[in-house]
Amino acid sequence: VMAEAGAGGPRLAELLALGRRLLEELEASTEPSSGAPAVQDKVRQGLDALQRAAAMVTQLELFSENEELEEVASADLKFMLLPALLGALTLKQVDLSRRREHLETAREHFQHFLKLCRNYGLGSFQLPPGTSSEEEARSSSAPRDPSQPNLVAMALSRTAKIERYKQKKELENKLASMSSSVESGTADEDQIREFYILQIQKWIGTSLEEIESIDQELVILKSRDAARQAPAGPRGPPRPARAPVKPFILTRDAAQARVFGAGYPGLPTMTVDDWYEQRRKQGIVSTPQRLPAGFEEPGSPPCPSPPAGASDEEMQKQQKETEEEEDDEEALRKARDWDDWKDTHPRGYGNRHNMG
């Protein structure tokens, strides 16, 4: 396998170098838009070179789950970065119609890189959810209420982010001090090996950050797609629009209507009966139903039935006369009681507190 790797090494190394160079140019680009044709051409060229290199690594079987890190040649360590570089370039694509597909593809590349590093014992980190079937089974066996925040997990995540940031700065400083000797060819094999391992550890932190960002964006995209596909809820028939009611003064009788109307010529007046009749014609209130003969409440005087063909005005007049008669009888009874009381109680009777 190593002989085949050595035979195909130059070509493979050229593809890796081309992909890395294009990615670095994109990271340092000053183009105002990531969708510019020149930018996307570099993205396509970089993806093509790295995909060809990854196919060659798979064909040569450079990495295996059953070998240790010491068994990997120093010159082959840099090819472990291929999945991470592919993930970073995949995120540079700007086709919005395929954004979800690009996010999922990039996540698979980063997961592949992290699993490869985990198999060789590079770095101490926890694989994100979904990279291990055992972790998925363990998480599904202990479901948790999503509405309750897991404060312990949040604290651990924050601590891990801070630690990753510190390690990233330390790795960048070490790589900057070693890059000149490695690129000039003056570094020995141990220095080259350490240089590539530091690069791998730096991309481990980058991959963990990218996966977290991808998961957050996928949640937003999935909820948006679900909202678009959700059928519209059943709606009832539209309510009929009512004609707007003009302002008016509601009076007790026609006499008050004349008084208020004289004082407010710009504001119409109507009596309660007129208002009720208007609402009845509009269908807002219904005509009260009279009890049939023989079904009056016990103790209540029978309601005089209006003659057939009587108009509303005649009915109102008859009802008013009945009320006046009842009022006259009540007033007469009170006057008689008052006269009887005065006969037995002379003026000033019982008032002795304010004498003198």
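All of these numbers come straight from a predicted model, not from anything done at the bench.

Q: Go over the overall build of the protein, please, and point to the residues and values.
A: From N to C terminus, the protein includes 10 helices and 2 strands. Secondary structure of the protein in N-to-C order comes out as α-α-α-α-α-α-α-β-α-β-α-α. Partitioning the intrachain contacts of the protein with sequence separation of at least 6 by distance along the chain shows that 63% fall at a separation of at least 24.

Q: Go over the packing of aromatic side chains, please, and point to the residues and values.
A: Scanning all chains against the criterion turns up 3 aromatic pairs. When the ring of phenylalanine 63 is compared with that of tyrosine 120, the centres are 6.3 Å apart and the planes differ by 80 degrees; the resulting orientation is edge-to-face. Taken together, the positions of phenylalanine 63 in the loop between α2 (37-60) and α3 (82-90) and tyrosine 120 in the loop between α4 (99-119) and α5 (133-141) put the pair 57 residues apart, joining distant regions of the chain. No difference in accessibility class separates phenylalanine 63 from tyrosine 120, as the two residues are buried. Between phenylalanine 195 and tyrosine 196, the aromatic rings sit 6.0 Å apart at their centres with planes inclined by 55 degrees, giving tilted as the arrangement.

Q: Give a description of unusual backbone geometry that names residues and reports values.
A: Even without being glycine, glutamate 61 reaches a positive phi, approximately 55 degrees. As for its position among the elements, glutamate 61 is in the loop between α2 and α3. Accessibility expressed as a relative area gives 57% for glutamate 61, which makes it exposed.

Q: I'd like a rundown of α2, residues and numbers included.
A: Along its 24 residues, α2 runs 35 Å from first to last C-alpha, staying within 8% of the 34 Å computed at 1.5 Å per residue. For α2, every residue scored as buried is listed here: Val39, Gln40, Val43, Gly46, Leu47, Ala49, Leu50, Ala53, Val57 and Leu60. Within two residues after α2, glutamate 61 carries a phi angle of roughly 55 degrees, on the positive side.

Q: I'd love a proper account of the confidence of the model for the protein, names of residues and values included.
A: Detailed reading of the predicted coordinates is not advisable wherever pLDDT is low. Per-residue confidence for the protein gives a mean pLDDT of 77, with 67% of residues at or over 70. Mean pLDDT per element in the protein: α5 is the minimum at 44, and α3 is the maximum at 96. Per-residue pLDDT stays below 50 along residues 1-10; that stretch engages in 9 contacts with residues further than four places along the chain or on separate chains. A low-confidence stretch, residues 131-144 stays under pLDDT 50, and its non-local contacts, those more than four residues away or across chains, total 7 contacts.

Q: Describe a negative patch on the surface, listing the residues and the values that go with them.
A: A grouping of Asp188, Glu189, Asp190 and Glu194 is seen on the molecular surface, where their side chains present a negatively charged patch. Among the structural elements, glutamate 194 can be located in helix α7 (residues 189-229). Residue classification places glutamate 194 among the partly exposed residues on the basis of a relative accessible area of 41%.

Q: Summarise the nonpolar core; cite the residues concerned and give the values.
A: Within the largest apolar cluster, 57 residues are counted, with the highest numbers of intra-cluster contacts made by Phe63, Phe113, Leu122 and Ile204. Going through the elements one at a time, α1 (2-27), α2, α3, α4, α6 (151-184) and α7 are the ones with two or more residues in this core. With 12 residues, α7 is the largest single contributor of residues to this core.

Q: Help me get a handle on the side chain of glutamate 67, residues and values and all.
A: Note that glutamate 67 resides in the loop between α2 and α3. Salt bridges are absent for the buried glutamate 67, whose nearest opposite-charge side chain, arginine 193, sits at 9.3 Å. There is a polar contact of 3.4 Å between the side chain of glutamate 67 and the backbone nitrogen of serine 64. At 2.5 Å, the side chain of glutamate 67 forms a polar contact with the side chain of tyrosine 120. Contacts of glutamate 67, omitting those with residues within four sequence positions, involve Leu62, Val72 and Tyr120.

Q: Residue-level account of the packing of α2 against α3, with values.
A: Here α2 crosses α3 at 155 degrees, and the two axes come no closer than 10 Å. In terms of orientation, α2 lies roughly antiparallel with respect to α3. Helix-helix and strand crossings are classified by hand; for α2 and α3 the assignment is left-handed. Taking contact as the criterion, the partners of Val43, Gly46, Leu47, Leu50, Gln51, Ala53, Ala54 and Val57 in α2 are, on α3, Leu82, Leu85, Leu86, Leu89 and Thr90. Of the residues that constitute the contact of α2 with α3, the class distribution is 10 nonpolar, 3 polar and no charged.

Q: Can you explain the pattern of salt bridges? Please cite residues and give values.
A: If you walk through the whole model with that rule in mind, you get 16 salt bridges. With a shortest N-O distance of 3.2 Å, lysine 92 and glutamate 27 are connected by a salt bridge. With lysine 92 in the loop between α3 and α4 and glutamate 27 in helix α1, this pair connects stretches of sequence that are 65 residues apart. For glutamate 27, a relative accessible area of 52% gives the class exposed. Among the ionic contacts, a cluster of salt bridges with common partners joins Arg100, Glu104, Arg224 and Asp225.

Reading guide: rules and limits
- Here the residue index of a chain counts from 1 through its sequence in written order.
- Reporting of local features is limited, given that this is a predicted model, to residues whose pLDDT is at least 70; pairs of side-chain atoms are given and counted only at 80 or more, and all residues count toward the totals for whole chains, interfaces and linings.
- For side-chain calculations, the full set of non-hydrogen atoms in the structure is used, while hydrogens and water are omitted.
- Under the scheme used here, helices are H or I runs from DSSP no shorter than 4 residues and strands are E runs no shorter than 2 residues, and both carry numbers assigned from the N terminus.
- Contacts were defined at the residue level, with two residues in contact if any of their heavy atoms lie within 4.5 Å.
- Aromatic pairs are defined between Phe, Tyr and Trp rings, using the six-membered ring for Trp, whenever the two ring centres lie within 6.5 Å; interplanar angles under 30 degrees are classed as stacked, those over 60 as edge-to-face, and all others as tilted.
- Burial classes follow relative accessibility: with a 1.4 Å probe on protein chains only, a residue under 20% of its type's maximum area counts as buried, one over 50% as exposed, and anything between as partly exposed.
- A helix's residues, less one, multiplied by 1.5 Å, set its expected span.
- As a per-residue measure, pLDDT reflects the predictor's confidence and takes values from 0 up to 100.
- Residues enter patches when their relative accessible area tops 30% and they take part in no salt bridge; the joining distance is 9 Å for like charges and 5 Å for the nonpolar side chains Val, Leu, Ile, Met, Phe, Trp and Tyr.
- For accessible areas, the Shrake-Rupley method is used with a probe of radius 1.4 Å. Any residue's cover is judged against the shown protein chains and nothing else.
- We count a salt bridge whenever a side-chain nitrogen from Lys or Arg sits within 4 Å of a carboxyl oxygen from Asp or Glu.
- Only four residue types enter the tally: Lys and Arg on the positive side, Asp and Glu on the negative side; His and the chain ends are excluded.
- A single reference atom marks each charge: NZ on Lys, CZ on Arg, CG on Asp, CD on Glu.
- Each nonpolar core is a collection of buried residues, namely Ala, Val, Leu, Ile, Met, Phe, Trp, Tyr and Cys, held together in the definition by side-chain atoms within 4.5 Å.
- Throughout this description, a polar contact denotes any pair of N or O atoms lying within 3.5 Å of each other; where both atoms belong to protein, one of them has to be capable of donating a hydrogen while the other can accept it, and for residues adjacent in sequence the pair is counted only when both atoms sit in side chains.
- Each axis is a line fitted through C-alpha atoms, taken for helices only over the stretch in contact, and angles between the N-to-C directions span 0 to 180 degrees.
- Angles below 35 degrees are treated as roughly parallel, those above 145 as roughly antiparallel, those between 65 and 115 as roughly perpendicular, and all remaining angles as oblique.
- Each crossing gets its hand from how the near helix is turned against the far one by less than a right angle, where anticlockwise is left-handed and clockwise is right-handed.
- Residue polarity follows a fixed list, in which Ala, Val, Leu, Ile, Met, Phe, Trp, Tyr, Cys and Pro are nonpolar, Asp, Glu, Lys and Arg are charged, and the others, Gly among them, are polar.

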